[in-house]
Amino acid sequence: MRYLVLGVLFVVSGSFAAEAGGHGGHSPMELIWKGLNILAFLFIVYWFGRKPIAEAFNNFWKSIIARVDESEAELEKAKQELEKAKQELEKAKVRADESVALAKESAQSEIENSKKHAQEIATRVKERAKETIEVELQRAKKELAAFGILKAEEIAQDMLKDAFSKPEVQKNYVEKQLKALEGSNG
């Protein structure tokens, strides 16, 4: 609360100091007060906006991490399926070695078919996992950017509404605009 009061004092005192500068040109004191007003405004925006913005980004980031974790779980499942396929391949090799004595040609074709099948499954599983991860990552990036823009816009609008709800701020704004018009017509 005291930071808000200090910020308002900076803005108000800066307005009075700027009025004392005269009508022609910008005096150094007026520029200093304008700079202090800008710094005070930025400090107020930072002080009151950092927590909600940080929470929003943290929540969004956690959802992205959850999606990536899900993708990693799918990848792990794919690796397990690949391992099962490799184990099946090993079993097929053992069966083929046992049946070599009975039918050498039959065993050789079985090994080749099992290898091809295992490689096709492994290739499909890897490709599907990579595609899923890439799609989720791109979607998460787009959502994060859009969410950040919306939140920043909402916060800026709320801050302007709060500032312009005060009669003294409205009065100061109108006075400055009138002086600006007088200076341009003058």
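Residues numbered from 1 in each chain as written. Predicted model: local features only at pLDDT ≥ 70, side-chain atom pairs only at ≥ 80, totals over all residues. Heavy atoms only, no water.

### Topic: the pattern of salt bridges
Right, on to step 1. With the rule as written, the count across this model stands at five salt bridges.
Right, on to step 2. Across the pair Arg139 and Glu136 runs a salt bridge whose closest N-O atoms are separated by 2.5 Å. Here Glu136 and Arg139 lie together in helix 3 (residues 104-164), a separation of three residues that amounts to about one turn. (Salt bridge = Lys/Arg side-chain N within 4 Å of Asp/Glu carboxyl O. Helix = DSSP H or I, 4+ residues; strand = E, 2+ residues; numbered from the N terminus.)

### Section: the environment of Phe164
Right, on to step 1. Here Phe164 lies in helix 3.
Right, on to step 2. The class of Phe164 is partly exposed, set by a relative accessible area of 32%.
Right, on to step 3. Leaving out residues up to four positions away in the same chain, Phe164 has contacts with Val169, Gln170 and Tyr173. (Buried < 20%, exposed > 50% of the residue type's maximum accessible area, 1.4 Å probe, protein only. Contact = heavy atoms within 4.5 Å.)

### Things to note about the packing of helix 2 (residues 28-99) against helix 3
Between two packed helices, what matters for the description is the angle formed by their axes and the separation of those axes.
Right, on to step 1. Between helix 2 and helix 3, the shortest axis-to-axis distance is 9 Å and the interhelical angle comes to 175°. With respect to helix 3, the element helix 2 is oriented roughly antiparallel.
Right, on to step 2. Residue composition of the contact of helix 2 with helix 3, by class: 26 nonpolar, six polar and 14 charged. (Axes fitted to C-alpha atoms, helices over the stretch in contact; angles between N-to-C directions. Parallel < 35°, antiparallel > 145°, perpendicular 65-115°, else oblique. Nonpolar A, V, L, I, M, F, W, Y, C, P; charged D, E, K, R; others polar.)

### Here's the deal with a nonpolar patch on the surface
Right, on to step 1. A cluster of nonpolar side chains, namely Leu160, Phe164, Tyr173, Val174, Leu178 and Leu181, defines an oily patch on the protein surface of about 560 Å² accessible area.
Right, on to step 2. Elements with a contribution of two residues or more to the nonpolar patch: helix 3 and helix 4 (167-185). (Patch = residues over 30% accessible without salt bridge, like charges linked within 9 Å, V, L, I, M, F, W, Y side chains within 5 Å. Areas by Shrake-Rupley, 256 points an atom, 1.4 Å probe, with all protein chains shown as cover.)

### Details of the environment of Lys93
Right, on to step 1. If you trace the backbone, Lys93 turns up in helix 2.
Right, on to step 2. A relative accessible area of 30% places Lys93 in the partly exposed class.
Right, on to step 3. Taking C-alpha positions, Lys93 is 8.8 Å from Ser114, a pair spaced 21 residues apart along the chain.

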